[in-house]
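# Architecture at a glance
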Amino acid sequence: MALSGFEGFEKRLELHFSGDDPVTEGIGLRQIDMESLEEVLDAVQCTVVSAVGNRYFDAYVLSESSLFVYPTKIIIKTCGTTQLLKSIPPLLSHARDMGLGLCGCRYTRGNFIFPKAQPYPHTSFREEVMYLEQSLPNNLCYRKACVMPSKVSSHSWHVYSASDERHMVLENMSNVFTIEVCMTELDRVLARKFYRRPGDANSGDVAGKEMTELTGIGNINSHALVCDFAFDPCGYSMNGIDGPQYSTIHVTPEDGFSYASFECVGFTDDHDDIGEVLKKVVQVFRPAMMSVSTTCVSQDVWTCVAKTLEPLGLNCRSSMIDEFPAAGNVVFQTFTTRRK
Amino acid sequence: MAEEGQVISCHTVEAWNEQLQKGNESKKLVVVDFTASWCGPCRFMAPILAELAKKLPNVIFLKVDVDELKTVATDWAVEAMPTFMFLKEGKIVDKIVGARKEELQQKITAHMVA
(Lines give C-alpha, C1' and ligand atoms only; values in the text may rest on other atoms or scores of the structure.)
Protein backbone atom coordinates (compact mmCIF):
# COMPACT_ATOMS: atom_id res chain seq x y z
CA MET A 1 0.00 0.00 0.00
CA ALA A 2 1.13 3.52 -0.77
CA LEU A 3 2.29 5.52 2.25
CA SER A 4 -0.18 8.22 1.46
CA GLY A 5 -2.60 8.87 -1.34
CA PHE A 6 -6.07 10.20 -1.95
CA GLU A 7 -8.59 9.13 0.68
CA GLY A 8 -11.53 7.65 -1.19
CA PHE A 9 -13.65 6.70 1.82
CA GLU A 10 -16.35 9.30 2.31
CA LYS A 11 -17.90 10.78 5.38
CA ARG A 12 -21.67 11.09 5.09
CA LEU A 13 -23.97 13.39 7.01
CA GLU A 14 -27.76 13.37 6.81
CA LEU A 15 -29.73 16.12 8.56
CA HIS A 16 -33.52 16.24 8.94
CA PHE A 17 -35.37 19.45 9.70
CA SER A 18 -38.90 20.41 10.61
CA GLY A 19 -40.79 23.67 10.90
CA ASP A 20 -44.22 25.00 11.78
CA ASP A 21 -44.92 26.59 8.43
CA PRO A 22 -46.01 24.12 5.71
CA VAL A 23 -45.18 26.69 2.98
CA THR A 24 -41.57 26.87 4.13
CA GLU A 25 -41.43 23.09 4.29
CA GLY A 26 -42.57 22.98 0.65
CA ILE A 27 -39.40 24.64 -0.67
CA GLY A 28 -37.54 24.94 2.62
CA LEU A 29 -33.80 24.38 2.40
CA ARG A 30 -33.84 24.70 -1.39
CA GLN A 31 -34.15 28.45 -0.81
CA ILE A 32 -30.61 28.62 0.57
CA ASP A 33 -28.83 31.12 -1.67
CA MET A 34 -25.57 30.40 -3.47
CA GLU A 35 -23.40 32.49 -1.12
CA SER A 36 -24.70 30.65 1.94
CA LEU A 37 -24.18 27.29 0.29
CA GLU A 38 -20.65 28.29 -0.69
CA GLU A 39 -19.99 29.36 2.89
CA VAL A 40 -21.03 25.88 4.07
CA LEU A 41 -18.84 24.21 1.43
CA ASP A 42 -15.92 26.49 2.30
CA ALA A 43 -16.10 25.24 5.88
CA VAL A 44 -15.91 21.67 4.56
CA GLN A 45 -13.29 22.62 1.94
CA CYS A 46 -14.93 21.69 -1.32
CA THR A 47 -16.76 23.36 -4.22
CA VAL A 48 -19.65 22.68 -6.62
CA VAL A 49 -18.58 21.28 -10.00
CA SER A 50 -21.98 20.35 -11.47
CA ALA A 51 -25.62 20.37 -10.39
CA VAL A 52 -29.19 19.61 -11.38
CA GLY A 53 -32.61 19.79 -9.72
CA ASN A 54 -36.08 18.37 -10.25
CA ARG A 55 -39.49 18.79 -8.57
CA TYR A 56 -38.28 17.01 -5.45
CA PHE A 57 -34.69 18.00 -4.72
CA ASP A 58 -31.39 19.52 -5.88
CA ALA A 59 -28.33 17.32 -6.50
CA TYR A 60 -24.82 18.79 -6.55
CA VAL A 61 -21.62 17.08 -7.65
CA LEU A 62 -18.83 18.47 -5.48
CA SER A 63 -15.08 18.60 -6.00
CA GLU A 64 -15.13 16.05 -3.15
CA SER A 65 -18.30 13.91 -3.68
CA SER A 66 -21.94 15.05 -3.41
CA LEU A 67 -24.64 17.18 -1.81
CA PHE A 68 -28.40 16.62 -1.94
CA VAL A 69 -30.82 19.29 -0.80
CA TYR A 70 -34.48 18.39 -0.18
CA PRO A 71 -37.00 20.85 1.35
CA THR A 72 -36.43 19.48 4.86
CA LYS A 73 -33.45 17.15 4.43
CA ILE A 74 -29.79 17.57 3.52
CA ILE A 75 -27.35 14.81 2.68
CA ILE A 76 -23.72 15.76 2.26
CA LYS A 77 -21.00 13.27 1.48
CA THR A 78 -17.35 14.21 1.14
CA CYS A 79 -14.10 12.32 0.67
CA GLY A 80 -10.40 13.17 0.93
CA THR A 81 -9.32 15.29 3.87
CA THR A 82 -12.47 17.43 3.98
CA GLN A 83 -13.86 18.56 7.32
CA LEU A 84 -17.44 17.49 6.76
CA LEU A 85 -18.74 17.96 10.29
CA LYS A 86 -17.80 21.63 10.16
CA SER A 87 -20.79 22.08 7.84
CA ILE A 88 -23.18 21.53 10.76
CA PRO A 89 -23.03 24.97 12.49
CA PRO A 90 -23.54 27.05 9.30
CA LEU A 91 -26.25 24.67 8.00
CA LEU A 92 -28.17 24.88 11.27
CA SER A 93 -27.90 28.64 11.19
CA HIS A 94 -29.19 28.97 7.59
CA ALA A 95 -32.02 26.52 8.32
CA ARG A 96 -33.00 28.56 11.38
CA ASP A 97 -33.26 31.66 9.16
CA MET A 98 -35.87 29.73 7.17
CA GLY A 99 -37.83 28.72 10.23
CA LEU A 100 -36.51 25.16 10.23
CA GLY A 101 -35.05 23.35 13.22
CA LEU A 102 -32.97 20.18 13.32
CA CYS A 103 -34.91 17.06 14.36
CA GLY A 104 -32.64 14.22 13.21
CA CYS A 105 -29.00 13.60 12.34
CA ARG A 106 -27.11 10.60 10.99
CA TYR A 107 -23.36 10.42 10.40
CA THR A 108 -21.75 7.36 8.80
CA ARG A 109 -18.38 6.44 7.36
CA GLY A 110 -16.20 3.46 6.58
CA ASN A 111 -12.60 2.93 7.64
CA PHE A 112 -10.14 5.51 6.32
CA ILE A 113 -7.26 4.10 4.28
CA PHE A 114 -5.03 6.97 5.52
CA PRO A 115 -6.45 7.83 8.97
CA LYS A 116 -3.36 9.83 9.97
CA ALA A 117 -3.96 12.30 7.13
CA GLN A 118 -7.40 13.28 8.50
CA PRO A 119 -7.70 16.74 10.06
CA TYR A 120 -9.73 17.71 13.13
CA PRO A 121 -12.51 16.78 13.90
CA HIS A 122 -11.96 13.62 11.86
CA THR A 123 -8.78 12.45 13.59
CA SER A 124 -10.71 9.62 15.27
CA PHE A 125 -14.32 8.45 15.62
CA ARG A 126 -14.19 9.50 19.27
CA GLU A 127 -13.25 13.03 18.24
CA GLU A 128 -16.00 13.06 15.60
CA VAL A 129 -18.62 11.98 18.13
CA MET A 130 -17.47 14.65 20.57
CA TYR A 131 -17.79 17.29 17.84
CA LEU A 132 -21.27 16.03 16.91
CA GLU A 133 -22.40 15.99 20.54
CA GLN A 134 -21.32 19.60 20.93
CA SER A 135 -22.83 20.81 17.66
CA LEU A 136 -26.29 19.30 17.91
CA PRO A 137 -29.15 21.07 19.72
CA ASN A 138 -30.48 19.65 22.98
CA ASN A 139 -33.85 18.62 21.57
CA LEU A 140 -32.05 15.71 19.87
CA CYS A 141 -32.16 13.70 23.07
CA TYR A 142 -31.92 10.17 21.64
CA ARG A 143 -28.31 9.59 20.64
CA LYS A 144 -26.13 6.60 19.82
CA ALA A 145 -22.62 6.06 18.48
CA CYS A 146 -21.18 2.71 17.48
CA VAL A 147 -18.43 1.15 15.37
CA MET A 148 -19.66 -1.99 13.62
CA PRO A 149 -16.64 -4.25 13.03
CA SER A 150 -16.17 -6.95 10.41
CA LYS A 151 -13.89 -9.91 9.80
CA VAL A 152 -12.20 -7.90 7.05
CA SER A 153 -10.02 -5.62 9.14
CA SER A 154 -9.82 -2.88 6.52
CA HIS A 155 -13.60 -2.42 6.54
CA SER A 156 -15.67 -1.30 9.51
CA TRP A 157 -18.70 0.93 9.77
CA HIS A 158 -18.94 4.01 11.98
CA VAL A 159 -22.45 5.17 12.81
CA TYR A 160 -23.74 8.05 14.87
CA SER A 161 -27.39 8.98 15.01
CA ALA A 162 -29.48 11.42 17.01
CA SER A 163 -33.16 12.28 17.01
CA ASP A 164 -35.79 14.30 18.81
CA GLU A 165 -38.99 12.80 20.23
CA ARG A 166 -41.32 13.55 17.30
CA HIS A 167 -38.86 12.54 14.57
CA MET A 168 -38.32 9.20 16.37
CA VAL A 169 -42.00 8.36 15.99
CA LEU A 170 -42.23 9.54 12.38
CA GLU A 171 -39.08 7.74 11.27
CA ASN A 172 -40.38 4.49 12.71
CA MET A 173 -43.04 4.58 10.03
CA SER A 174 -40.65 5.61 7.26
CA ASN A 175 -40.41 3.41 4.18
CA VAL A 176 -37.12 4.93 2.99
CA PHE A 177 -34.01 2.77 2.81
CA THR A 178 -30.40 3.77 2.19
CA ILE A 179 -27.70 1.49 0.79
CA GLU A 180 -24.07 2.55 1.11
CA VAL A 181 -21.50 0.42 -0.71
CA CYS A 182 -17.72 0.82 -0.31
CA MET A 183 -15.48 -1.06 -2.73
CA THR A 184 -11.70 -1.46 -2.57
CA GLU A 185 -9.09 -3.28 -4.70
CA LEU A 186 -10.95 -2.54 -7.92
CA ASP A 187 -10.18 -4.55 -11.03
CA ARG A 188 -7.15 -2.79 -12.57
CA VAL A 189 -8.38 -2.86 -16.14
CA LEU A 190 -11.79 -1.50 -15.18
CA ALA A 191 -10.23 1.15 -12.92
CA ARG A 192 -8.18 2.46 -15.89
CA LYS A 193 -11.43 3.58 -17.51
CA PHE A 194 -11.67 6.31 -14.87
CA TYR A 195 -8.51 8.03 -16.17
CA ARG A 196 -8.79 10.92 -18.61
CA ARG A 197 -7.37 10.22 -22.07
CA PRO A 198 -3.96 11.92 -22.49
CA GLY A 199 -4.32 15.18 -24.40
CA ASP A 200 -8.10 15.17 -23.99
CA ALA A 201 -9.24 18.80 -24.27
CA ASN A 202 -12.82 18.09 -23.17
CA SER A 203 -14.27 19.75 -20.10
CA GLY A 204 -14.87 17.68 -16.97
CA ASP A 205 -18.60 17.60 -17.81
CA VAL A 206 -18.10 16.15 -21.27
CA ALA A 207 -15.37 13.71 -20.19
CA GLY A 208 -17.64 12.62 -17.33
CA LYS A 209 -20.48 11.84 -19.69
CA GLU A 210 -18.10 9.75 -21.79
CA MET A 211 -17.03 7.75 -18.70
CA THR A 212 -20.66 7.19 -17.70
CA GLU A 213 -21.27 5.52 -21.06
CA LEU A 214 -17.95 3.66 -21.44
CA THR A 215 -18.01 2.09 -17.98
CA GLY A 216 -21.62 0.90 -17.99
CA ILE A 217 -22.61 3.26 -15.17
CA GLY A 218 -25.24 4.73 -17.50
CA ASN A 219 -27.03 1.36 -17.56
CA ILE A 220 -27.35 0.96 -13.79
CA ASN A 221 -30.65 2.84 -13.68
CA SER A 222 -31.83 3.71 -17.17
CA HIS A 223 -34.66 5.92 -15.79
CA ALA A 224 -32.27 8.18 -13.92
CA LEU A 225 -31.00 11.48 -15.17
CA VAL A 226 -27.23 11.42 -14.63
CA CYS A 227 -25.17 14.44 -13.63
CA ASP A 228 -21.52 13.39 -14.05
CA PHE A 229 -18.03 14.82 -13.86
CA ALA A 230 -14.53 13.47 -14.65
CA PHE A 231 -11.57 14.84 -12.73
CA ASP A 232 -8.09 15.46 -14.12
CA PRO A 233 -6.02 13.26 -14.44
CA CYS A 234 -8.36 10.66 -12.93
CA GLY A 235 -11.40 10.14 -10.76
CA TYR A 236 -15.12 10.35 -11.41
CA SER A 237 -18.32 11.41 -9.66
CA MET A 238 -21.97 11.15 -10.58
CA ASN A 239 -25.42 11.76 -9.15
CA GLY A 240 -28.40 10.00 -10.67
CA ILE A 241 -31.81 11.55 -10.03
CA ASP A 242 -35.01 9.63 -10.52
CA GLY A 243 -38.13 11.32 -9.08
CA PRO A 244 -37.54 11.72 -5.34
CA GLN A 245 -34.78 9.07 -5.34
CA TYR A 246 -31.09 9.48 -5.95
CA SER A 247 -28.05 7.32 -6.51
CA THR A 248 -24.45 8.45 -6.41
CA ILE A 249 -21.07 7.00 -7.42
CA HIS A 250 -17.56 8.24 -6.68
CA VAL A 251 -14.36 6.67 -7.95
CA THR A 252 -10.71 7.04 -6.95
CA PRO A 253 -9.00 4.66 -9.39
CA GLU A 254 -5.32 4.95 -8.40
CA ASP A 255 -3.59 1.62 -8.05
CA GLY A 256 -2.69 0.75 -4.45
CA PHE A 257 -5.60 2.65 -2.93
CA SER A 258 -8.33 2.26 -5.54
CA TYR A 259 -11.80 2.90 -4.19
CA ALA A 260 -15.34 3.28 -5.46
CA SER A 261 -18.56 3.97 -3.64
CA PHE A 262 -22.16 3.51 -4.60
CA GLU A 263 -25.09 4.81 -2.63
CA CYS A 264 -28.80 4.91 -3.29
CA VAL A 265 -32.00 5.72 -1.49
CA GLY A 266 -35.28 4.10 -2.33
CA PHE A 267 -38.59 2.97 -0.94
CA THR A 268 -39.15 -0.41 0.70
CA ASP A 269 -42.40 -1.03 -1.18
CA ASP A 270 -40.46 -0.86 -4.42
CA HIS A 271 -37.06 -2.50 -3.92
CA ASP A 272 -37.34 -5.55 -6.17
CA ASP A 273 -34.73 -4.24 -8.54
CA ILE A 274 -32.10 -3.48 -5.89
CA GLY A 275 -30.44 -6.87 -6.49
CA GLU A 276 -30.22 -6.08 -10.18
CA VAL A 277 -28.73 -2.64 -9.42
CA LEU A 278 -26.08 -4.09 -7.07
CA LYS A 279 -25.14 -6.68 -9.67
CA LYS A 280 -24.55 -3.96 -12.29
CA VAL A 281 -22.50 -1.93 -9.80
CA VAL A 282 -20.23 -4.93 -9.09
CA GLN A 283 -19.77 -5.50 -12.82
CA VAL A 284 -18.57 -1.91 -13.31
CA PHE A 285 -15.78 -2.24 -10.70
CA ARG A 286 -15.19 -5.95 -9.90
CA PRO A 287 -13.78 -5.15 -6.45
CA ALA A 288 -11.86 -7.75 -4.44
CA MET A 289 -13.46 -6.36 -1.29
CA MET A 290 -16.67 -4.60 -0.57
CA SER A 291 -18.89 -3.59 2.29
CA VAL A 292 -22.61 -3.00 2.04
CA SER A 293 -24.50 -1.09 4.67
CA THR A 294 -28.29 -0.92 4.55
CA THR A 295 -30.26 1.44 6.75
CA CYS A 296 -33.96 0.82 7.01
CA VAL A 297 -36.77 0.48 9.54
CA SER A 298 -37.97 -2.83 8.12
CA GLN A 299 -35.53 -5.72 7.92
CA ASP A 300 -36.13 -7.21 4.52
CA VAL A 301 -33.93 -5.05 2.27
CA TRP A 302 -30.57 -6.42 3.42
CA THR A 303 -31.47 -10.06 2.82
CA CYS A 304 -31.24 -9.67 -0.95
CA VAL A 305 -27.64 -8.38 -0.76
CA ALA A 306 -25.81 -11.67 -0.09
CA LYS A 307 -28.17 -13.52 -2.45
CA THR A 308 -27.13 -11.14 -5.21
CA LEU A 309 -23.40 -10.94 -4.50
CA GLU A 310 -22.48 -14.57 -3.79
CA PRO A 311 -23.24 -15.82 -7.33
CA LEU A 312 -20.85 -13.09 -8.55
CA GLY A 313 -17.97 -14.64 -6.60
CA LEU A 314 -18.16 -12.31 -3.63
CA ASN A 315 -18.34 -14.34 -0.44
CA CYS A 316 -20.04 -12.94 2.62
CA ARG A 317 -17.45 -12.71 5.39
CA SER A 318 -19.44 -10.98 8.10
CA SER A 319 -22.85 -9.59 8.81
CA MET A 320 -23.87 -7.37 11.72
CA ILE A 321 -27.08 -5.67 12.71
CA ASP A 322 -27.64 -2.82 15.15
CA GLU A 323 -30.48 -0.41 15.87
CA PHE A 324 -30.12 3.36 15.89
CA PRO A 325 -32.46 6.19 16.91
CA ALA A 326 -34.54 7.41 13.96
CA ALA A 327 -32.42 5.38 11.51
CA GLY A 328 -33.87 1.96 12.24
CA ASN A 329 -31.76 -1.09 11.59
CA VAL A 330 -28.30 -0.70 10.20
CA VAL A 331 -27.02 -3.94 8.67
CA PHE A 332 -23.32 -4.02 7.81
CA GLN A 333 -22.06 -6.84 5.60
CA THR A 334 -18.64 -7.45 4.10
CA PHE A 335 -17.71 -9.50 1.05
CA THR A 336 -14.43 -10.64 -0.51
CA THR A 337 -13.48 -12.63 -3.57
CA ARG A 338 -11.11 -14.70 -1.43
CA ARG A 339 -12.21 -17.98 0.13
CA LYS A 340 -10.75 -17.34 3.58
CA MET B 1 -33.12 45.18 -30.69
CA ALA B 2 -33.17 46.52 -27.15
CA GLU B 3 -32.59 43.09 -25.65
CA GLU B 4 -29.25 42.43 -27.30
CA GLY B 5 -26.63 41.33 -24.79
CA GLN B 6 -29.25 40.29 -22.23
CA VAL B 7 -31.08 37.16 -21.19
CA ILE B 8 -34.71 37.71 -22.25
CA SER B 9 -37.26 36.43 -19.74
CA CYS B 10 -40.51 35.25 -21.31
CA HIS B 11 -43.34 35.69 -18.82
CA THR B 12 -46.29 34.84 -21.08
CA VAL B 13 -46.87 32.25 -23.79
CA GLU B 14 -47.40 35.11 -26.26
CA ALA B 15 -44.05 36.67 -25.41
CA TRP B 16 -42.42 33.25 -25.69
CA ASN B 17 -43.92 32.59 -29.13
CA GLU B 18 -42.94 36.05 -30.29
CA GLN B 19 -39.31 35.66 -29.15
CA LEU B 20 -39.12 32.21 -30.66
CA GLN B 21 -40.45 33.55 -33.97
CA LYS B 22 -37.91 36.38 -33.94
CA GLY B 23 -35.13 33.94 -33.15
CA ASN B 24 -36.10 31.64 -36.01
CA GLU B 25 -36.20 34.47 -38.48
CA SER B 26 -32.85 35.86 -37.38
CA LYS B 27 -31.25 32.43 -38.08
CA LYS B 28 -29.12 33.04 -35.01
CA LEU B 29 -28.41 30.40 -32.39
CA VAL B 30 -31.11 30.52 -29.69
CA VAL B 31 -30.32 29.17 -26.22
CA VAL B 32 -33.35 28.64 -23.97
CA ASP B 33 -32.82 28.32 -20.23
CA PHE B 34 -35.68 26.43 -18.54
CA THR B 35 -35.47 27.41 -14.92
CA ALA B 36 -37.43 27.40 -11.64
CA SER B 37 -37.35 29.75 -8.67
CA TRP B 38 -37.08 26.86 -6.20
CA CYS B 39 -34.17 25.18 -8.00
CA GLY B 40 -30.76 25.85 -6.39
CA PRO B 41 -28.66 24.82 -9.44
CA CYS B 42 -30.63 27.34 -11.56
CA ARG B 43 -29.57 30.17 -9.25
CA PHE B 44 -26.02 28.91 -9.66
CA MET B 45 -26.22 29.30 -13.44
CA ALA B 46 -28.06 32.65 -13.65
CA PRO B 47 -24.96 34.90 -13.38
CA ILE B 48 -23.01 32.68 -15.79
CA LEU B 49 -25.77 32.93 -18.40
CA ALA B 50 -26.00 36.72 -17.97
CA GLU B 51 -22.24 36.94 -18.53
CA LEU B 52 -22.44 34.79 -21.68
CA ALA B 53 -25.29 36.91 -23.04
CA LYS B 54 -23.22 40.06 -22.56
CA LYS B 55 -20.22 38.48 -24.27
CA LEU B 56 -22.11 36.92 -27.19
CA PRO B 57 -24.55 39.39 -28.80
CA ASN B 58 -24.88 37.03 -31.76
CA VAL B 59 -26.63 34.43 -29.65
CA ILE B 60 -30.19 34.94 -28.39
CA PHE B 61 -30.66 33.87 -24.77
CA LEU B 62 -34.24 33.21 -23.61
CA LYS B 63 -35.37 32.28 -20.14
CA VAL B 64 -38.54 30.36 -19.25
CA ASP B 65 -39.75 29.80 -15.69
CA VAL B 66 -41.32 26.32 -15.72
CA ASP B 67 -43.98 27.35 -13.18
CA GLU B 68 -44.89 30.50 -15.07
CA LEU B 69 -45.13 28.79 -18.47
CA LYS B 70 -46.21 25.29 -17.44
CA THR B 71 -47.56 24.36 -20.86
CA VAL B 72 -44.32 25.30 -22.59
CA ALA B 73 -42.28 23.25 -20.10
CA THR B 74 -44.60 20.27 -20.61
CA ASP B 75 -44.53 20.59 -24.41
CA TRP B 76 -40.75 20.68 -24.34
CA ALA B 77 -40.61 17.73 -21.91
CA VAL B 78 -38.54 19.59 -19.34
CA GLU B 79 -38.25 17.49 -16.19
CA ALA B 80 -35.00 18.59 -14.59
CA MET B 81 -33.60 22.08 -14.10
CA PRO B 82 -31.80 23.90 -15.48
CA THR B 83 -32.38 22.55 -19.01
CA PHE B 84 -30.74 24.39 -21.89
CA MET B 85 -32.20 23.90 -25.37
CA PHE B 86 -30.21 24.96 -28.41
CA LEU B 87 -32.34 26.04 -31.37
CA LYS B 88 -31.54 27.00 -34.91
CA GLU B 89 -34.25 28.09 -37.30
CA GLY B 90 -36.85 26.48 -35.08
CA LYS B 91 -35.08 23.12 -34.79
CA ILE B 92 -33.65 21.71 -31.55
CA VAL B 93 -29.99 21.10 -32.35
CA ASP B 94 -28.75 20.23 -28.87
CA LYS B 95 -29.71 20.04 -25.20
CA ILE B 96 -27.92 20.20 -21.86
CA VAL B 97 -29.56 19.15 -18.61
CA GLY B 98 -27.93 20.50 -15.46
CA ALA B 99 -25.70 23.34 -14.37
CA ARG B 100 -22.77 22.30 -16.56
CA LYS B 101 -21.09 25.59 -17.25
CA GLU B 102 -18.08 24.32 -19.19
CA GLU B 103 -20.19 22.13 -21.43
CA LEU B 104 -22.59 25.03 -21.99
CA GLN B 105 -19.76 27.28 -23.14
CA GLN B 106 -18.28 24.57 -25.35
CA LYS B 107 -21.61 23.80 -27.01
CA ILE B 108 -22.47 27.43 -27.59
CA THR B 109 -19.13 27.96 -29.30
CA ALA B 110 -19.59 24.82 -31.40
CA HIS B 111 -23.11 25.72 -32.56
CA MET B 112 -22.27 29.37 -33.23
CA VAL B 113 -19.82 28.39 -35.94
CA ALA B 114 -21.67 25.35 -37.23
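Quantities reported herein were computed from a predicted structural model and do not represent experimental measurements. (Residues numbered from 1 in each chain as written. Chains lettered and ligands numbered in written order. Predicted model: local features only at pLDDT ≥ 70, side-chain atom pairs only at ≥ 80, totals over all residues. Heavy atoms only, no water.)

This part is about the UniProt feature "site: Deprotonates C-terminal active site Cys" (unreviewed entry) in chain B. All names here are of chain B. UniProt feature "site: Deprotonates C-terminal active site Cys" (unreviewed entry): in the numbering of this structure it lies at Asp-33. Residue Asp-33 is classed as buried on the basis of its relative accessible area, which comes to 5%. Leave out the neighbours within four places in its chain, and Asp-33 touches Leu-49, Leu-62, Lys-63, Val-64, Pro-82, Thr-83 and Phe-84. (UniProt positions renumbered as here; feature names shortened; annotations may be inferred. Buried < 20%, exposed > 50% of the residue type's maximum accessible area, 1.4 Å probe, protein only. Contact = heavy atoms within 4.5 Å.)

Turning to the packing of helix 2 (residues 34–44) of chain A against helix 3 (residues 88–97) of chain A, a few remarks are in order. All names here are of chain A. Where helix 2 meets helix 3, the closest approach of the two axes is 8 Å, and the angle between their N-to-C directions is 160°. In terms of orientation, helix 2 and helix 3 fall into the roughly antiparallel class. Remark: the crossing between helix 2 and helix 3 carries left-handed chirality. Across the interface between the two elements, Ser-36, Glu-39 and Val-40 from helix 2 touch Pro-90, Leu-91 and His-94 from helix 3. Classifying every residue of the contact of helix 2 with helix 3 by side-chain character gives three nonpolar, two polar and one charged. (Axes fitted to C-alpha atoms, helices over the stretch in contact; angles between N-to-C directions. Helix = DSSP H or I, 4+ residues; strand = E, 2+ residues; numbered from the N terminus. Parallel < 35°, antiparallel > 145°, perpendicular 65-115°, else oblique. Left-handed = near helix turned anticlockwise from the far one by under 90°. Nonpolar A, V, L, I, M, F, W, Y, C, P; charged D, E, K, R; others polar.)

Taken together, the side chains of Asp33(A), Glu35(A), Glu38(A), Glu39(A) and Asp42(A) make up a negatively charged region of the molecular surface. Structurally, Asp42(A) can be placed in helix 2. (Patch = residues over 30% accessible without salt bridge, like charges linked within 9 Å, V, L, I, M, F, W, Y side chains within 5 Å. Areas by Shrake-Rupley, 256 points an atom, 1.4 Å probe, with all protein chains shown as cover. Salt bridge = Lys/Arg side-chain N within 4 Å of Asp/Glu carboxyl O. Lys, Arg positive; Asp, Glu negative; His and termini not counted. Charge placed at Lys NZ, Arg CZ, Asp CG, Glu CD.)

You'll often see interface size given as the accessible area lost when the parts meet. Counting residues at the interface gives 20 residues for chain B, matched by 28 residues for chain A. Summing both partners gives a buried area of about 1,800 Å² for chain B against chain A, and 52% of it is carried by carbon and sulfur. The three residues of chain B that bury the most area against chain A are Trp38(B), Phe44(B) and Arg100(B), which together make up 37% of that side's buried surface. Between the two partners, chain B and chain A, sit three salt bridges. For Asp67(B), the salt bridge goes to Arg55(A), with nearest N and O atoms at 3.3 Å. Looking at the side of chain B that touches chain A element by element, the count peaks at five residues for helix 4 (residues 101–113) of chain B. Residue composition of the side of chain B that touches chain A, grouped by class: nine nonpolar, three polar and eight charged. (Buried area = accessible area lost by both parts, 1.4 Å probe.)

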